[in-house]
Amino acid sequence: MPFPEDDGVNIPPGQESDLAIVKVHVRRLKAPYASKCSNGDGIQNYYRDAYKVGYTREACKKTCGQMHIINNCGCGMWEFPVPKGMNVPFCNITNKDINRCVQIFEDMFAHDELDCSCPLQCEEEIFELTLSSSQWPSAVYMDEFARQLKSSGGKLAQVASNSIRDNLVKVIINYHQLNYELIEEDPAIRAIDLVSGIGGLVGLWIGVSICTVAEFLELLLNVIIFTVKKRLIRKNKKAPLNPYMIAHQTFKPIV
């Protein structure tokens, strides 16, 4: 929701003002990323209740300011919407006590000192303005313009008889360019990128890869098989007889 009192432009009379608009679209990331943006879910917003508009950080702050004034001063400021369904009177600033109370919280609101939890919105549209102006109407065109105003009649004829430059203003609004600027937050690293990076660093510094791990497993399996076979062979092999214990054997001489 736009707030002209915060983002508006003051245009003086007696000038031709050209307003060039450029649209900027901003997309932010939710937690756990640094911006911790929100779509307004679960956040109190009097502007949404009153005007059916989306969430903005400014609307949240103004709602928070109105909430503090209502809770502490017992009334609501006319410049902010009041909560729906609550019979809250507008503050009578002619009353010194109410005026003093409202002034305290308005100063805290202006200096961003209120305890308000208002994250940035995840989707935001900003219109950047470029203002250029020149004197209008020019001295050469002044008499002709005054005659045209008098011929039109009504209030414009009354303006023509007075000072024209003090009562009229000319505003031209156009797009500076038809395309728009997109500012989008993107994670510097995702979970899959982190795992791939760790695997790449491990493979770079210690030479470990899937093939190397498979070769080590194959080697370990071969060692286990070799050890088991060797023990089985030793178990099945008969122990040799002690020659000193063989008494019954006789040796025949060779003729």
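Look above for the structure.
Residue numbers run consecutively from 1 along every chain, following the written order of its sequence. With pLDDT at 70 or above as the cut-off, local features in this predicted model cover only qualifying residues; side-chain atom pairs require 80 or more to be listed or tallied, and sums for whole chains, interfaces and linings still use all residues. To obtain the side-chain values, all non-hydrogen atoms of the structure were used and water was disregarded.

**As for the overall build of the protein chain**
Looking only at helices and strands, the protein chain features eight helices and four strands. Traced from its N-terminal end to its C-terminal end, the protein chain shows the element sequence α-β-α-α-α-β-α-α-β-β-α-α. Here the protein chain holds 255 residues, and the buried ones make up 23% of them. Between two residues, a contact is recorded if the distance between any of their heavy atoms is within 4.5 Å. Look at the contacts in the protein chain between residues 6 or more apart in sequence, and 69% of them connect residues 24 or more apart. A run of H or I in DSSP counts as a helix once it spans at least four residues, and a run of E counts as a strand once it spans at least two, with each numbered from the N terminus. Burial status follows relative accessibility: with a 1.4 Å probe on protein chains alone, a residue under 20% of its type maximum counts as buried, one over 50% as exposed, and anything between as partly exposed.

**Remarks on the layout of surface pockets**
Residues are said to line a cavity or pocket when one of their atoms sits within 4 Å of a point; the points come from a 1 Å grid over protein atoms alone, cavities being sets where a 1.4 Å probe fits but cannot get out and pockets being open sets with protein on both sides within 12 Å along at least five of seven lines. Grid points are joined across faces, edges and corners, and a volume is the space filled by probe spheres set on the points. Considering only enclosed or pocket space, the largest pocket measures out at about 590 Å³ in volume. The wall of the largest pocket is formed by 20 residues, among which P2, D7, E125, I126 and F127 lie closest to the centre. Sorting the residues of the lining of the largest pocket by element identifies α1 (4-7) and β2 (123-135) as the ones contributing at least two each. With six residues, β2 is the largest single contributor of residues to the lining of the largest pocket.

**Let's talk about helix α5 (residues 142-152)**
Regarding α5, the residues found buried are M142, F145, A146 and L149. Mapping the buried residues of α5 onto a view down its axis gives an arc of 100 degrees, with all of them on the same face. Summarising the geometry of α5, the exposed residues directed more than 90 degrees from the buried face are D143, R147 and S151. Where α5 is buried, its residues touch α6 (154-161). Looking one or two residues past α5, G153 carries a phi angle of roughly 75 degrees, positive in sign. In this description, one arc is meant: the one made by directions from the helix axis to the C-beta atoms.

**Remarks on the state of the cysteines**
Criterion for a disulfide: a pair of cysteine sulfur atoms within 2.5 Å. A full pass over the atoms with the stated rule returns five disulfides. Through a disulfide, C73 is tied to C101; the S-S separation comes to 1.9 Å. Linking C73 and C101, the disulfide has an S-S dihedral of approximately -90 degrees and is accordingly described as left-handed. Taken together, the residues span a long stretch of sequence, with C73 in helix α3 (residues 57-73) and C101 in helix α4 (residues 96-110) at a distance of 28 residues. No difference in accessibility class separates C73 from C101, as the two residues are buried. Assigning the bonded cysteines of the protein chain consecutive numbers by sequence position, one obtains the connectivity 1-10, 2-9, 3-8, 4-7, 5-6.

**Topic: unusual backbone geometry**
For the peptide bond that leads from A31 to P32, omega is 15 degrees, which places it in the cis range. Structurally, P32 is set in the loop between β1 (15-27) and α2 (46-51). For the bond running from W136 to P137, omega is -10 degrees, close enough to zero to count as cis. When you line up the elements, P137 lands in the loop between β2 and α5. Of note in the backbone geometry, K36 takes a positive phi value of approximately 50 degrees without being a glycine. Phi at D112 takes a positive value of approximately 55 degrees, unusual for a residue other than glycine. Take D112: it is sitting in the loop between α4 and β2. Note on D112: relative accessible area 53%, which makes it exposed.

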